[in-house]
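Here is what each chain is made of, one letter per residue.
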Amino acid sequence: LLLEKKKFPRDKYCGDAVCKTGIEILHEMGVYEELIRDNKARIADCGGMVSPSGLSYIGRSHEQLGKIPAALACKRILLDEAIARAAQRAGANLVEESPVQDAKFDKSTGLWTVTIEDSETTYQGRVLVCADGATSKLAIQLGLVKQAPQGSCSRSYVEGGTHKFNADGVIFYHKPLLPGYAALFRHPNDVLNYCVYLIPGNPLVTNDDLTYWHEHLKKNDPNISKALGKNFKIERMRAGSLRIGGEPLTYGDHVLVIGDAAGMTDPMTGEGIHTAMDSGRIAAHLLDEAFAVGNFDSAVMAEYQNRWMENFGSDFSWSMKICQITYRY
């Protein structure tokens with residue numbers, strides 16, 4: 001059973017960049033070819049970065065990497081639905097417009113009962129998987145996640161043909177914003193995603209400053225303003241939360257927390273799509289094993305945390321330290 005809060009297509013605000021691990025999973029699901037064929041995603045080949053001092057490096061990667069590129073850009077309004085429909089084709093019961101109000105666990109039966117907002121409909125299941133985004137409403141309600149999201153990001157799409165950007169993706173570092181950054185990513189039809197990421201680590205930058213930095217860099221950063229040109233057409237800013245660095249507890253009796261809800265966003269880059277997808281894959285494999293033996297106790301679910309920590313979670317502590325070094329030096 002897959003409960004979706006809204007009705008597809010629905011949007012989510014982020015940088016839209018899917019890294020190599022995520023692309024590999026899209027291949028496994030049969031979604032990658034569909035996105036490329038239907039011109040819903042663009043492979044990132046030419047890209048790089050601009051340092052705080054203005055030094056830049058732009059290179060190409062697709063030819064060296066072969067079948068699986070380093071990254072692609074795909075609007076979340078397209079990507080999320082493609083993944084949900086693939087799950088549906090694989091046998092999941094997708095129920096849209098079903099915002100979860102509450103979830104209660106009955107130890108005597110080993111079942112969760114999930115209630116839906118403004119509805120008398122309820123669902124029961126053996127295992128609850130919390131995948132409700134960075135705000136982690138359900139995981140916080142269950143006491144698994146304790147803190148609020150630490151970072152934030154903006155997003156504005158730039159109309160194709162109105163800008164001067166000629167790469168696929170570039171990250172722009174601005175010293176007062178470090179370890180945060182701004183970025184431009186190219187989508188199909190020459191559409192750009194202009195975004196700003198506020199990464200924890202700089203005491204002079206808070207989430208309340210997101211609008212300021214989004215507008216300030218767009219107008220005053222010489223490299224960004226040059227890339228956008230004088231006649232670009234851009235939509236208004238949207239904003240999203242970032243839960244960063246991995247939560248210390250992402251499991252319990254008959255329950256797992258995955259993706260953004262579990263804070264699986266890299267502290268250095270703000271990227272979380274590929275780690276969210278990887279956590280979903282790890283959770284699915286573990287649940288296959290748990291159903292085979294009929295045991296979903298906390299001791300069994302703990303193996304999920306061990307696996308994602310081994311797969312990518314241990315990198316988060318190093319990323320956080322690099323963030324601190326970046327800001328200080």
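Shown above is the structure to which this text applies.
Now for a look at the structure at hand. (Residues numbered from 1 in each chain as written. Predicted model: local features only at pLDDT ≥ 70, side-chain atom pairs only at ≥ 80, totals over all residues. Heavy atoms only, no water.)

Looking at the sheet that holds strand β9 (residues 111-116)
Here is step 1: One open sheet accounts for three strands, arranged β8-β9-β10; its pairing is antiparallel. Bordering the open sheet on either side are β8 (100-106) and β10 (122-125), each of which pairs with just one other strand. Sheet twist, expressed as the mean angle between neighbouring strand axes with direction ignored, is 20 degrees.
Here is step 2: Pairing between β8 and β9: six bridges, direction antiparallel. When the bridges of β9 are listed, Phe105 appears paired with Trp112. (Pairing = 2+ DSSP bridges. Helix = DSSP H or I, 4+ residues; strand = E, 2+ residues; numbered from the N terminus. Axes fitted to C-alpha atoms, helices over the stretch in contact; angles between N-to-C directions.)

Some details on the pairing of strand β14 (residues 181-186)
Here is step 1: In terms of residue burial, β14 counts as a mostly covered element, since six of its six residues are buried.
Here is step 2: Side chains Tyr181, Ala183 and Phe185 of β14 all project onto a buried face; the interleaved residues Ala182, Leu184 and Arg186 project onto the opposite face, where all are buried too.
Here is step 3: One ladder, built from four bridges, connects strand β13 (residues 169-172) with β14; its direction is antiparallel. Each bridged residue has a counterpart across the sheet, and for Phe172 the counterpart in β14 is Ala182.
Here is step 4: Of the pairings in the sheet, the one linking β14 to strand β15 (residues 192-198) comprises six bridges and is antiparallel in character. Bridged to Ala182 within β15 is Val196.
Here is step 5: The hairpin formed by β14 and β15 contains five residues between the paired strands, and Asn189 there has a positive phi angle of roughly 65 degrees. (Buried < 20%, exposed > 50% of the residue type's maximum accessible area, 1.4 Å probe, protein only.)

Things to note about the pattern of salt bridges
Here is step 1: Counting across every chain of the model gives 24 salt bridges.
Here is step 2: The partner of Glu96 in a salt bridge is Arg85, and the shortest N-O contact between them spans 3.4 Å. Separated by 11 residues along the polypeptide, Glu96 in the loop between β7 (94-95) and β8 and Arg85 in helix α4 (residues 76-89) bring together distant segments of the chain.
Here is step 3: The class of Glu96 is buried, set by a relative accessible area of 19%.
Here is step 4: Here the salt bridges do not stand alone but share partners, grouping Glu4, Arg10, Arg76 and Asp80 into one network. (Salt bridge = Lys/Arg side-chain N within 4 Å of Asp/Glu carboxyl O.)

A few points about the packing of helix α8 (residues 273-293) against helix α9 (residues 298-328)
Here is step 1: Remark: α8 packs on α9, axes separated minimally by 9 Å, with the N-to-C direction vectors making an angle of 155 degrees. When the axis of α8 is compared with that of α9, the two are roughly antiparallel. Two packed elements cross with a definite hand, and for α8 against α9 that hand is right-handed. Facing α8, whose interface residues are Thr275, Asp278, Ser279, Ile282, Ala283, Leu286, Leu287, Glu289 and Ala290, α9 presents Val300, Met301, Glu303, Tyr304, Arg307, Trp308, Asn311, Phe312 and Phe316.
Here is step 2: For the contact of α8 with α9, the class distribution of residues is 11 nonpolar, three polar and four charged. (Parallel < 35°, antiparallel > 145°, perpendicular 65-115°, else oblique. Left-handed = near helix turned anticlockwise from the far one by under 90°. Contact = heavy atoms within 4.5 Å. Nonpolar A, V, L, I, M, F, W, Y, C, P; charged D, E, K, R; others polar.)

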